[in-house]
Amino acid sequence: MLIEELIVQIRLWKKQIFKNHSKFCLTMLSIAKKALIVIDYDKTMVEYDSDDWMLEKVGYKFEKPVDIDQIVDWIGYIAPIEVELTTKYKVSVEKQRSIMEEIPSVEYFPDFLKYLLQEKEMKFKNCEFWIVSGSNTLYIEWYLERNKVSKLIDKIIANPSYVDEKTKFFIQKPYHENSCKYCTKNMCKQKAMKDMLAIEKKQFEKILYIGDGKFDFCTCSQMLTGKDIIFARKGFKLEKMLQSSKDNCKATVNVWANGKELQKSFENLLI
Ligand SMILES: [Mg+2]
Ligand SMILES: [Zn+2]
């Protein structure tokens, strides 16, 4: 082979190698991650509904009795009250943070979160941890920081909240608008998760969902499939709703009473 021919051949090989390499990279990108672990916040990580806890501790007086379960526009209801905490009750956001830091955890839940964090780069390598909650981002961030587990959580999907620089008020906004029949106007967890997976072009082999309440039912019954596992808190609304609509739910359902039981289940999981 002439030297010129050899150079041409080498160029062809190089082209081929580059083509195959690109193909390989594309295949790598489209491989699904192992598992998405979704955790609810109110009454799953912490014993209280976080807004109830705040209002109770501040001594907020309702003008007229309300049936919380009937409120569809949750942010329309709670956002003005949160501003009142500063204007009428003179409770600063710093004080609100210290109140929120005292919110009691569900038994052994911080230990469970610490176990997950410890195993994040080993057993749960190639998994993601999301909090999907009808509470707000600041309350959840404060809780995670207090328990030194912020690094565990890859994403918080919750109503966005912040402290207004000028007024120093605690501001909370709706996560999104939706018309889901199972959910509140400000958040459908199922839609929130599907939208996020689409935006980030993420795929997971399975979803593990830890929750307790009626607003977890939408995702559990409509979105999760036979490969997924639901961890429903024992004796709470989600467990009851799943029991009474067994045929609709495709995922496997496990019940748990505290963080220790969850940890045991996760230790035995084959991921
Ligand atoms: Mg909950
Ligand atoms: Zn929904």
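Residues numbered from 1 in each chain as written. Chains lettered and ligands numbered in written order. Predicted model: local features only at pLDDT ≥ 70, side-chain atom pairs only at ≥ 80, totals over all residues.

Student: What is the right way to read the sheet that holds strand 2 (residues 127-136) from this model?
Tutor: Across a sheet, paired strands are connected by hydrogen bonds in the backbone, their directions being either parallel or antiparallel. If you walk across this open sheet you meet the six strands as 3-2-1-6-7-8, and the pairing is parallel. In this open sheet, the two edge strands, each paired with only one partner strand, are strand 3 (155-159) and strand 8 (252-256). When strand polarity is set aside, the average angle formed by the axes of neighbouring strands in this sheet is 20 degrees. Pairing of strand 6 (residues 204-211) with strand 7 (residues 229-233) involves four bridges; the strand directions are parallel. Pairing of Tyr 209 across the sheet is with Ile 230, part of strand 7. Relative to the sheet, helix 9 (residues 237-244) contacts strand 6, strand 7 and strand 8, its axis offset from that of strand 7 by approximately 125 degrees. (Pairing = 2+ DSSP bridges. Helix = DSSP H or I, 4+ residues; strand = E, 2+ residues; numbered from the N terminus. Axes fitted to C-alpha atoms, helices over the stretch in contact; angles between N-to-C directions. Contact = placed C-beta atoms within 7 Å.)

Student: Help me out: how do you make sense of the pairing of strand 3 in this one?
Tutor: As paired elements, strand 2 and strand 3 share four bridges and run parallel to each other. Its bridge partner being in strand 3, Asn 136 is matched across the sheet by Asn 159. This β-α-β element, strand 2 to helix 6 (residues 137-146) to strand 3, shows right-handed connectivity. (Right-handed = clockwise from strand over helix to strand, strands pointing away.)

Student: Got a minute to help me understand helix 6 in this structure?
Tutor: In an α-helix there are 3.6 residues to a turn, and that puts residues three or four apart on one side. Along helix 6, the residues classified as buried are Leu 138, Tyr 139, Ile 140, Tyr 143 and Leu 144. Packed against the buried residues of helix 6 are helix 2 (50-58), helix 4 (93-101), strand 2, strand 3 and strand 4 (161-163). Lys 148 sits one or two residues past helix 6 and shows a positive phi near 55 degrees. (Buried ≥ 20, exposed ≤ 12 C-beta atoms within 10 Å, placed from the backbone.)

Student: Even after reading the chapter, I still don't get the nonpolar core, so can you show me in this structure?
Tutor: Buried together is how nonpolar side chains tend to be arranged in soluble globular proteins. Judged by nonpolar contacts, the single largest core of 54 residues is most densely connected at Val 38 and Tyr 209. Setting aside chain neighbours within four positions, we find Tyr 209 in contact with Val 38, Thr 219, Cys 220, Leu 224, Asp 228, Ile 230 and Phe 231. (Core = buried A, V, L, I, M, F, W, Y, C linked by C-beta atoms within 7 Å.)

Student: Before we go on, may I ask you to explain the environment of Glu 63 in this structure?
Tutor: Residue placement: Glu 63 occurs in the loop between helix 2 and helix 3 (74-87). A count of 5 C-beta atoms within 10 Å places Glu 63 in the exposed class. Here the alpha-carbon distance between Glu 63 and Leu 197, two residues 134 residues apart in the chain, equals 41 Å.

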